[in-house]
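Here's the letter readout for the chains.
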Amino acid sequence: MQRICSTDAECFGCGACAFSCPFGAIAMKRDGEGFSYPAIDGELCADCGKCISVCPALRPPVRLQGQSFYALRCRDEELLWKSTSGGAFSLIASKILQKGGLVCGAVFDDSFHVVHVLSGEIGKMRKAKYVQSKTEGCFESIRDALLIGTPVLFSGTPCQCHAVKNLFPEAESLHLLSVACRGVMSPELWEEYCYFLERKGKLSDFCFRDKRERNDAHTVSYKVGGREHVSGFTDNPLCRIYACEMSLRPSCYHCPYTCAENGFDFTVGDYWGVEKAFPDLADGRGVSLVITCGAFAEKLIGELGEKADIRIADCDTVQQPALTKPAKESLLRRFLFRDLRRKGPDGHCDMEMILQKYGYLGC
């Protein structure tokens, strides 16, 4: 076996295949765009088919009916301001921790790489991170926790949630929270951007969705060399490249999860359309859309009544684009990644040129 998916455009880069291989024949390796794909060692591969059995790209999601839709905003003001939307992730994750469980979510490590970790501390998991995360190591941690009966909440993109569901199909103490995802940015592009920023000092903080302007977190903030920089989301050239859907993984343009019926316990995102559905909540501080599936999720939402303002929502009022159709591939994408591949003598691309060339174009 030399390939799992027939084309790279099908692969989600979740890493489930590498973790599942009993012979250690699969390693995740980056391509020139910075996205990871499985590389198979033909001498070690025994054609057992385990990797195929867990691959979410080869096992399409089962559409499950019976979802419930909610608008949610936590009552704790401090927690609300620390959250991207209405604080749903934090409240749900905290309930899992109270039950003696652990949470697996995406964080910035000390070098601002985006990685998935299993932890009892969720502070760093808050806030949106639009970069594809590294999952190496987290599957082993989830497996070990589940083996001793520890409840685990996995929070990630729909394809990552599907991968975890395939890896541990019989685990009753595993719960899945999918973010409403519009696509993931190239880690290579993100890391080159961080390197570019650090030419003026150490990068000590980055927030893709800052709420200080009470504009539903459509502000970007970061600190370099102790100095804070703040701008509108689409005024930041890297975020504009992302918003224009130039920097996404190829599979994001064919995403099969752009619906509400993916069967995960929770799907959480911004409540687009809240100004019409619940105008009293449309004050720029953020509101979470929460879609539940199954008795466990329904019960947990019911337990949040004292900590959150929860409204039953009509699915027809939800305008979340991540639940309607996949991102559309920009005609400029291949030129962007061509320029990203071109490295100078220092081993880095000309990020200043890339930001000027692509970061101020119309979407």
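Heads up: these notes are all about the structure in this document.

Rules used throughout
- One numbering rule holds for all chains: residues counted from 1, following each sequence as written.
- Where totals are concerned, whole chains, interfaces and linings use all residues; where local detail is concerned, this predicted model gives features only for residues with pLDDT of at least 70, and gives and counts side-chain atom pairs only at 80 or more.
- Neither water nor hydrogens contribute to the side-chain values; these are computed over all heavy atoms in the structure.
- Relative accessible area decides the class of each residue, using a 1.4 Å probe on protein chains only: under 20% of the type maximum gives buried, over 50% gives exposed, and in between gives partly exposed.
- Counting from the N terminus, the helices are DSSP H or I runs at least four residues long and the strands are E runs at least two residues long.
- Only when DSSP finds a minimum of two bridges between them are two strands counted as paired.
- In this description, a nonpolar core means a group of buried Ala, Val, Leu, Ile, Met, Phe, Trp, Tyr and Cys residues linked to one another through side-chain atoms lying within 4.5 Å.
- The convention used is that axes are lines fitted to C-alpha atoms, helices contributing only their stretch in contact, and that angles between N-to-C directions extend from 0 to 180 degrees.
- Just so you know how the angles are binned, under 35 degrees is roughly parallel, over 145 roughly antiparallel, 65 to 115 roughly perpendicular, and the rest oblique.
- A contact between two residues is defined here by any heavy atoms of the two lying within 4.5 Å.
- Throughout this entry, Asp, Glu, Lys and Arg are counted as charged residues, while Ala, Val, Leu, Ile, Met, Phe, Trp, Tyr, Cys and Pro are counted as nonpolar. The remaining residues, Gly among them, count as polar.
- Note on definitions: the grid is 1 Å and covers protein atoms alone; a cavity is a set of points where a 1.4 Å probe fits but cannot get out; a pocket is an open set with protein on both sides within 12 Å along at least five of seven lines; lining residues have an atom within 4 Å of a point.
- Grid points are joined across faces, edges and corners, and a volume is the space filled by probe spheres set on the points.
- Put simply, a disulfide is two cysteine sulfurs that come within 2.5 Å.
- Here is the rule: rings of Phe, Tyr and Trp (six-membered ring for Trp) pair when centre to centre is within 6.5 Å. Planes less than 30 degrees apart are stacked, more than 60 are edge-to-face, and the remainder are tilted.
- In this scheme, Lys NZ or Arg CZ marks a charge over a ring once it lies within 6 Å of the ring centre and within 35 degrees of the ring normal.

**With respect to the pairing of strand 9 (residues 219–224)**
- By the criterion of burial, strand 9 is predominantly enclosed, with five of the six residues buried.
- As judged from the five bridges shared by strand 8 (residues 203–210) and strand 9, these two strands associate in the antiparallel manner. Note that in strand 9 the partner of L203 across the bridge is V224.
- In this sheet, strand 10 (residues 227–232) lies alongside strand 9 in antiparallel orientation, the contact comprising six bridges. Across the sheet, the residue bridging to T219 is G232, located in strand 10.
- Connecting strand 9 to the next strand, strand 10, in antiparallel fashion are two residues, including G225 with a positive phi near 60 degrees.

**Describing the pairing of strand 12 (residues 288–292)**
- For strand 12, a buried count of five out of five residues is recorded, marking the element as mostly surrounded by other parts of the structure.
- The side-chain alternation of strand 12 yields two buried faces, one formed by S288, V290 and T292 and the other by L289 and I291.
- Pairing of strand 3 (residues 68–74) with strand 12 involves five bridges; the strand directions are antiparallel. Among the inter-strand pairings, Y70 is bridged to a residue of strand 12, identified as V290.
- Two strands pair when backbone bridges link them, and strand 11 (residues 266–270) and strand 12 are joined in this way by five bridges, in the antiparallel orientation. Across the sheet, residue T267 finds its bridge partner in strand 12, namely I291.

**Here's the deal with the nonpolar core**
- W190, Y193, F206 and F208 are the most contacted members of the largest nonpolar core, which has 53 residues in total.
- At five residues, the largest contribution of residues to this core is made by helix 7 (residues 187–197).
- The next biggest cluster of nonpolar side chains, apart from the first, holds 26 residues, and it includes I92, I96, V103 and F266.

**Here's the deal with the packing of helix 7 against helix 12 (residues 351–358)**
- The geometry of helix 7 relative to helix 12 is characterised by a closest axis approach of 9 Å and an angle of 110 degrees between their N-to-C directions. If you check the angle between helix 7 and helix 12, you find them roughly perpendicular. Where helix 7 approaches helix 12, its residues L189, E192, Y193 and F196 are matched on the opposing element by M351, E352 and L355.
- Taken together, the residues of the contact of helix 7 with helix 12 break down into five nonpolar, no polar and two charged.

**Focus: the layout of surface pockets**
- The calculated volume of the largest pocket comes to roughly 1100 Å³.
- Around the largest pocket, the lining comprises 49 residues; the ones closest to its centre are A128, Y130, A180, R209 and D270.
- Elements supplying a minimum of two residues to the lining of the largest pocket: helix 4 (88–98), strand 4 (102–108), strand 5 (114–119), strand 6 (152–156), helix 6 (158–167), strand 7 (174–179), helix 8 (237–243) and strand 11.
- Among the residues forming the lining of the largest pocket, the class breakdown is 22 nonpolar, 20 polar and seven charged.

**Some remarks on the side chain of T150**
- One can find T150 in the loop between helix 5 (138–147) and strand 6.
- Given a relative accessible area of 14%, T150 falls into the buried group.
- Once you skip the residues sitting within four places of it in the chain, T150 turns out to touch G100, G101, L102, A145 and S173.

**What about the state of the cysteines?**
- Applying the stated rule across the entire model yields zero disulfides.
- As a non-bridged cysteine, C51 has C48 as the owner of its nearest cysteine sulfur, 6.3 Å distant.
- A residue is classified by how much of its surface remains accessible, and C51, at 6% relative accessible area, is buried.
- You can see C138 has no disulfide; the closest cysteine sulfur is in C104, sitting 4.1 Å from it.

**Observations regarding the packing of aromatic side chains**
- According to the stated counting rule, one finds 16 aromatic pairs in the structure shown.
- A centroid spacing of 5.8 Å and a plane angle of 20 degrees characterise the contact between F108 and W190, whose relative ring orientation is stacked. Placement of F108 in strand 4 and of W190 in helix 7 is noted, with a sequence separation of 82 residues between them.
- Measuring from ring centre to ring centre gives 4.9 Å for W190 and F206, while their planes differ by 85 degrees; the resulting arrangement is edge-to-face. Separated by 16 residues along the polypeptide, W190 in helix 7 and F206 in strand 8 bring together distant segments of the chain. Each member of the pair W190 and F206 is classed as buried.
- Here the basic side chain of K129 rests over the ring of F108, its NZ or CZ set 5.9 Å away from the ring centre.
- In this structure, R249 is placed above the aromatic ring of Y37, and the distance from its NZ or CZ to the ring centre is 4.3 Å.

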